[in-house]
Amino acid sequence: MKKRKAAGMLIVLDILILGVVRVCGMLADWYARRIYPLWTGIIGRIFGVFPYSAVECLCYALILFVILRALYRLYKSVVKKESAVIHLKQAGENIVFGIAILFTLYTWMCGINYQRDAFADVYQMQQKQYTAEELKEASKRLLADVNRYAKSVERDANGIMILGKGKRGAVLNGSGRNAVRAMQALGEEYSELEGFYPIPKGLMVSEILSYQNLTGVYSPFTIEANYNADMPDYNIPFTMCHELSHLKGFMQEEEANFIAYLGCEGSKEEAFRYSGALLGWLYCSNELYAYDKEAYRELEVKLCEEAVVDLNENNRFWDAYKGKIAKTAQKVNDAYLKANGQTEGVESYDRVTDLLVQHLLRKNR
């Protein structure tokens, strides 16, 4: 009974807090700048010590604990003739209390940040309406970057881009450190992004993300940036920076994509610049296709063979995971984003085009 009451009080308090910050965004801004960095600095450093994804390991441990606990309660009910009803009641209270704890952690480590000022608003990057010609010009500049960097990154025997040669774990860990350097360098230009970053971690069983058609996931419970280590390598640098941007409290997906692009664009690593340029090209060219198919086809034929090989490999990889699980996961993610104020749901990822066009045109004026 005590656990049930405590769980109820926690959930009500969390909902109240989320409601208040949604009405008064200034409180969310204050929290994001004054309090939240303390959590990332402390919790992020603690779990950053682990070489593997701590949240992934904790999930497996929780599943094992639940199974063993259920077997133990079954043993007590059958062998020792204890009341199964009492055991079920206790189990139910523990589950509710556990959910309340997780919801509280989510509220303070993530939920409040959805109501803070957007990155574009903080740095006065107005998302102005662009013309088809401006979109074409931005796409053209990204295409030039893709063709330039595609020829300088490492590739395997099949011509597919790889992050490096050697043991996979060491290569990915090295790229994780490069992602941290890229974001720290970006923090010198944008103060909201300065400070501590943990090294991003690939999931040991990345198929969990593949079946959901996810490239990465941010864990607010352990302050970790996790990514899909199985997907084609050109996706990984951009995804690392995307998830690390969430660690700084920028939760809106389009701004996380834009920050990821900026991080990759300013990186000293060719693989990161290529990753940012290719993902930027995909976002802008897809939008260009909707605006002006003829202009899109005019640029598409100029895409270098190396980039075409990478995109074909990307399509081959994700096609293998199409199915009901992916569709369900997308619906869940869409509902989650909308519940947190992103009215366009999963389509908000594509809104990065607005910011990219303004950035590319402004940069070259």
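These lines cover the structure that appears in this document, whether it is placed above or below. Since this is a predicted model, take the numbers as computed values, not measurements.

1. Notes on the sheet that holds strand S1 (residues 201-202)
In step 1: On the basis of which strands lie adjacent, the open sheet formed by 3 strands has the order S1-S3-S2 and mixed pairing. Of all the strands in the sheet, the pair left with one neighbour each is S1 and strand S2 (216-219).
In step 2: Alignment of S2 against strand S3 (residues 224-227), held across 4 bridges, turns out to be antiparallel. Counted as the bridge partner of Ser 219 is Glu 224 from S3.

2. Here we look at the pattern of salt bridges
In step 1: This model, assessed by the stated rule, comprises 13 salt bridges.
In step 2: The closest approach of N and O atoms between Arg 116 and Glu 192, which form a salt bridge, is 2.8 Å. Of the two residues, Arg 116 sits in the loop between helix H5 (84-109) and helix H6 (119-122) while Glu 192 sits in the loop between helix H8 (168-189) and S1, which places them 76 residues apart along the sequence. Residues Arg 116 and Glu 192 agree in their burial class; the two are buried.
In step 3: The salt bridge involving Arg 316 is made with Glu 313; its shortest N-O contact spans 2.8 Å.

3. Description of helix H1 (residues 2-23)
Helical geometry note: an α-helix holds 3.6 residues per turn, so side chains three or four residues apart project in the same direction.
In step 1: The end-to-end C-alpha separation of H1 is 32 Å, in line with the 32 Å expected for 22 residues at 1.5 Å each.
In step 2: Every buried residue of H1 is accounted for by Ala 7, Asp 14, Ile 17 and Val 21. The buried residues of H1 occupy one face: seen down the axis, they fall within an arc of 95 degrees. Turned more than 90 degrees from where H1 packs its buried face, Lys 5, Met 9, Val 12, Ile 15, Leu 16 and Val 23 sit exposed.

4. Brief notes about the packing of aromatic side chains
In step 1: Overall, the coordinates contain 13 aromatic pairs when judged by the stated rule.
In step 2: Between Tyr 31 and Trp 108, the ring centres sit 5.6 Å apart and the planes meet at 55 degrees, which makes this aromatic pair tilted. Taken together, the residues Tyr 31 in helix H2 (residues 25-34) and Trp 108 in helix H5 connect sequence positions 77 residues apart.
In step 3: For Tyr 31, a relative accessible area of 4% gives the class buried.

5. With respect to the nonpolar core
In step 1: Ranked by size, the top nonpolar core spans 81 residues in total, and within it Phe 119, Val 146, Leu 193, Phe 258, Tyr 274 and Trp 281 carry the most contacts.
In step 2: Looking at this core element by element, the count peaks at 10 residues for helix H12 (residues 270-291).
In step 3: Sequence-distant contacts of Tyr 274, defined by excluding residues within four places in its chain, comprise Val 146, Tyr 149, Ala 150, Val 153, Arg 155, Met 161, Tyr 234, Glu 306, Ala 307 and Asp 310.

6. Observations concerning the packing of helix H7 (residues 132-150) against helix H13 (residues 293-300)
In step 1: Look at H7 against H13: their axes get within 11 Å of each other, and the N-to-C directions meet at 15 degrees. The angle between H7 and H13 places the two elements in the roughly parallel class. In this structure, H7 crosses over H13, and the sense of that crossing is right-handed. Together, Lys 136, Ser 139, Lys 140 and Leu 143 of H7 and Ala 295, Glu 298 and Leu 299 of H13 make up the contact between the two elements.
In step 2: In terms of residue class, the contact of H7 with H13 is built from 3 nonpolar, 1 polar and 3 charged.

Conventions we followed
- Residues numbered from 1 in each chain as written.
- Predicted model: local features only at pLDDT ≥ 70, side-chain atom pairs only at ≥ 80, totals over all residues.
- Heavy atoms only, no water.
- Pairing = 2+ DSSP bridges.
- Helix = DSSP H or I, 4+ residues; strand = E, 2+ residues; numbered from the N terminus.
- Salt bridge = Lys/Arg side-chain N within 4 Å of Asp/Glu carboxyl O.
- Buried < 20%, exposed > 50% of the residue type's maximum accessible area, 1.4 Å probe, protein only.
- Expected span 1.5 Å × (residues − 1).
- Arc of directions from axis to C-beta.
- Phe/Tyr/Trp six-rings, centres within 6.5 Å; stacked < 30°, edge-to-face > 60°.
- Core = buried A, V, L, I, M, F, W, Y, C linked by side-chain atoms within 4.5 Å.
- Contact = heavy atoms within 4.5 Å.
- Axes fitted to C-alpha atoms, helices over the stretch in contact; angles between N-to-C directions.
- Parallel < 35°, antiparallel > 145°, perpendicular 65-115°, else oblique.
- Left-handed = near helix turned anticlockwise from the far one by under 90°.
- Nonpolar A, V, L, I, M, F, W, Y, C, P; charged D, E, K, R; others polar.

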